[in-house]
Every structure is written in C-alpha cells, then in structure tokens.
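# Descriptive structure summary
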Amino acid sequence: MSNKFIDSLKHVIIEDDDAKPEGHAQSPPQAHPQPHSQPHSDAAPAAAAAAPVAEPTSHSAYQTMSGQPMSEETEHVYQRILAKTNFDATQVAATIHKYLDPLSAIAALDERTRFKTAVVQAKAQEGLTQEKILATFNGLKVALQSEQEFFAASAAATKQREINDRQKKVEDVSDAIAQKQKEIAQLQQRLSDVTTELVGAQGKIQRAESQFTIAAQRRALEIDQEKAKYVSLLQG
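In this report, we go over the structure that sits alongside the text. (Residues numbered from 1 in each chain as written. Predicted model: local features only at pLDDT ≥ 70, side-chain atom pairs only at ≥ 80, totals over all residues. Heavy atoms only, no water.)

Below, the discussion takes up the pattern of salt bridges. One pass over the full model with this rule turns up ten salt bridges. Here K159 and E209 are joined by a salt bridge, their closest N and O atoms 2.9 Å apart. Separated by 50 residues along the polypeptide, K159 in helix α6 (residues 130-179) and E209 in helix α7 (residues 184-235) bring together distant segments of the chain. Given a relative accessible area of 32%, K159 falls into the partly exposed group. In this structure E209 comes out as partly exposed when scored by relative accessible area, which is 25%. Put simply, E75, R218, R219 and E222 are held in one network by salt bridges that share partners. (Salt bridge = Lys/Arg side-chain N within 4 Å of Asp/Glu carboxyl O. Helix = DSSP H or I, 4+ residues; strand = E, 2+ residues; numbered from the N terminus. Buried < 20%, exposed > 50% of the residue type's maximum accessible area, 1.4 Å probe, protein only.)

Following this line, the structure appears as structure tokens:
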C-alpha cells in the first residue's frame, strides 16, 4: 500500500475526532495484541492478498550507524527479526484490509473515501480503535525485546562453550610447554592451532553480536518511526 494509505488514515482519524461530541468517553485501552497471532478465517484471504498497511523505511536504502550499507549476513538477520515484528502480520492490519480491499473494486470511490469507509466499518463491526492500533506497535516492541533477550542468552551460552573452553585449553597448553621442554615443538604447534580457533570463535561471536545489534536497532527505529506516523495520524 502506498503512502496514500497513510494520508487516508490521517484524514479519517482527524475527521473522526472532529465529529466526536463533547463529553464522549473513549473506550478503555485494549490488551496488547500478540504480534504473531494469525488473522481469523474471515480476515485471512483479505490479508493474504493485501499490500502492506504502511511502508517502512526502505530496506535497500537503510544504512548502519557508520553510514555503511548492511552486509548480506546482517540483512538476513534483520529479515528474521522483521518476520517476527511485522505490523502487516497482525490482526489489526488484517482487520483494516478485510474492509478496505473489497472496496477497491468500486471505481467511483477515491482512495481516501474507500479507506474512510473501511475504518468506519471496522470500528462498527469489530471494534477497531486507535488504542488497538497503537497497542499493536507496543506489542511489536515487546516481541523485539524478547528476540533481543533470547539472542543475548544464546550468545552468552555460545561464549561459554566456544570461547571460555578454548581459553582454558590455551592455558593448559602453556603449562605443558613449561613442564615438558622436550615436547615444546609439538606443544607450540598445538597452542597455535587452539589460539587460531579462539580468535576465529571470538570473531564469529563479535560479528553475530554486531549484526544482531545493527538489525535490532534498525527494526526498533523503524517501529518507532512507523508508530510515530500512526500517532500523528490517530491524534491528528
């Protein structure tokens, strides 16, 4: 969906707010939807055929904090994170498209009118509210935080297994060299081999941490930017 979709959302929310009578009580905030939840059977066909609700920052145009484009490996990590924090995979997005997509066949309606009609229908039929839309983004941030915590735990375990063990081996070999001068040549070769493994393991973990951090920062920034758009559109 093009940025016209976002413009339509802005106009609809603004007009909807203007139309509320004084003293109108807002419905209480809804519980955060699960970002991984699947749309119900009625919404699934529409969601599958629908374009994204809003366009995030261009993947190809994104650069790291240093100004360099993402590496292919980091991009792969980012795509895995995106798959678990994608707004278009949420029930809210599916609900919007459930009512919006059928209206595309009505040529007499412009995009803004179609969207306004869809939002009104979604609110009347399924109780879609501003709070639910914003809560969805909060749910995405929670999902991203969970991914970060899971990766941190996995990285710590990998460090224990791949780095600390090798560091202990380096110490053992160094002691053996001091005790067994006759075997010094063999032990030095063994030390060199284990040290090489250590450096390789450290480099691998450092790259993984860097890639994940960059990808997570990118996704966090995109979520904040996307949420900010919706905040602006919803609040007028």
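Turning our eyes to something else, we now look at the layout of surface pockets. Taken as a whole, the second largest pocket spans an internal volume of roughly 320 Å³. Together, 13 residues line the second largest pocket, and V77, R80, E147, F151 and F212 are the ones closest to its centre. Every element with two or more residues in the lining of the second largest pocket is listed here: α3 (72-84), α6 and α7. Looking at which element gives the most residues to the lining of the second largest pocket, the answer is α3, with six residues. Of the residues assigned to the lining of the second largest pocket, the class counts are six nonpolar, three polar and four charged. (1 Å grid on protein atoms, 1.4 Å probe; cavity = no way out; pocket = protein on both sides within 12 Å on 5 of 7 lines; lining within 4 Å. Points joined across faces, edges and corners; volume = space filled by probe spheres on them. Nonpolar A, V, L, I, M, F, W, Y, C, P; charged D, E, K, R; others polar.)

According to the stated counting rule, one finds four aromatic pairs in the structure shown. Judged by centre distance (5.4 Å) and plane angle (50°), the rings of F87 and Y230 are tilted. You can see F87 sitting in the loop between α3 and α4 (91-100) and its partner Y230 sitting in helix α7, a full 143 residues away along the chain. Given a relative accessible area of 0%, Y230 falls into the buried group. Between the aromatic rings of F137 and Y230, the centroid separation amounts to 4.9 Å while the plane-to-plane angle is 50°, which identifies the pairing as tilted. Residue F137 is found in helix α6, and its partner Y230 is found in helix α7; the two are separated by 93 residues along the sequence. (Phe/Tyr/Trp six-rings, centres within 6.5 Å; stacked < 30°, edge-to-face > 60°.)

Right, let's get into the nonpolar core. By size, the foremost hydrophobic cluster in this structure holds 28 residues, and its most contacted members are I81, F87, V92, L128, I133, F137 and Y230. Of all the secondary-structure elements, those providing two or more residues to this core are α3, α4, α5 (111-126), α6 and α7. In terms of residues, this core owes the most to one element, α7, which gives seven residues. Non-local contacts of I133, meaning those with residues more than four positions away in its chain, are made with V92, L128, Y230 and L234. (Core = buried A, V, L, I, M, F, W, Y, C linked by side-chain atoms within 4.5 Å. Contact = heavy atoms within 4.5 Å.)

So, on to the packing of α6 against α7. Look at α6 against α7: their axes get within 10 Å of each other, and the N-to-C directions meet at 170°. Classified by the interaxial angle, the pair formed by α6 and α7 is roughly antiparallel. Per-class residue counts for the contact of α6 with α7 are 27 nonpolar, nine polar and 13 charged. (Axes fitted to C-alpha atoms, helices over the stretch in contact; angles between N-to-C directions. Parallel < 35°, antiparallel > 145°, perpendicular 65-115°, else oblique.)

In this section: the side chain of R219. Note on placement: R219 falls in helix α7. Given the relative accessible area of 1%, R219 is considered buried. Excluding residues within four positions of it along the chain, R219 makes contact with Y78, I81, L82, T85, N86, F87, L144 and E226.

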